[in-house]
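Report on the structure
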Amino acid sequence: PISMPGKILKVNATAGAAVKKGDVLVVLEAMKMENEICAPQDGTIATVECAAGDSVESGALLATLN
């Protein structure tokens, strides 16, 4: 989960893609800093809930893993 409102700069995640722990799924800009949101574990991306350019609030769901 993110800790502050921000804007999605880039989405690397696509539904159905296999990811490894630490892979960058989303790049989020908050307080003029770029934050990489990484996969917390190995898995397959089930859903992507954001797109580049979206504004998101703290705690927003960005993607889910199987």
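Coordinates for the structure precede this section.
Okay, so let's go over this structure. This is a predicted model, so every value here is computed, not measured.

Quick notes on the sheet that holds strand S4 (residues 33-38)
Here we have four strands laid out as an open sheet, ordered S4-S3-S1-S6, and antiparallel in their pairing. Looking at strand neighbours, the two that pair on one side only are S4 and strand S6 (55-56), the edges of this open sheet. For strand S1 (residues 6-11) and S6, the ladder comprises two bridges, and the chain directions are antiparallel. Residue Lys7 lies in a different strand from S6, and its bridge partner there is Ser55.

Thoughts on the sheet that holds strand S7 (residues 63-65)
If you walk across this open sheet you meet the three strands as S2-S5-S7, and the pairing is antiparallel. What marks the edges here is a single partner per strand, and that holds for strand S2 (18-19) and S7. Where strand S5 (residues 43-48) and S7 come together, three bridges link them in antiparallel fashion. By the bridge assignment for S7, Val48 is matched with Ala63.

Thoughts on the nonpolar core
Counting residues in each nonpolar core, the largest one holds 11 residues, listed as Ile8, Ala13, Val19, Leu25, Val26, Leu28, Ala39, Ile45, Cys50, Val56 and Leu62. With three residues, the top contributor of residues to this core is strand S3 (residues 24-30).

Here's the deal with the pairing of S4
With zero of six residues buried, S4 lies mostly on the surface of the structure. Pairing between S3 and S4: six bridges, direction antiparallel. In the strand pairing of S4, Val26 is matched with Ile37. In this antiparallel pair of consecutive strands, S3 and S4, the connection spans two residues, and Met31 shows a positive phi of 50 degrees.

Calculation criteria
- Residues numbered from 1 in each chain as written.
- Predicted model: local features only at pLDDT ≥ 70, side-chain atom pairs only at ≥ 80, totals over all residues.
- Heavy atoms only, no water.
- Pairing = 2+ DSSP bridges.
- Helix = DSSP H or I, 4+ residues; strand = E, 2+ residues; numbered from the N terminus.
- Core = buried A, V, L, I, M, F, W, Y, C linked by side-chain atoms within 4.5 Å.
- Buried < 20%, exposed > 50% of the residue type's maximum accessible area, 1.4 Å probe, protein only.

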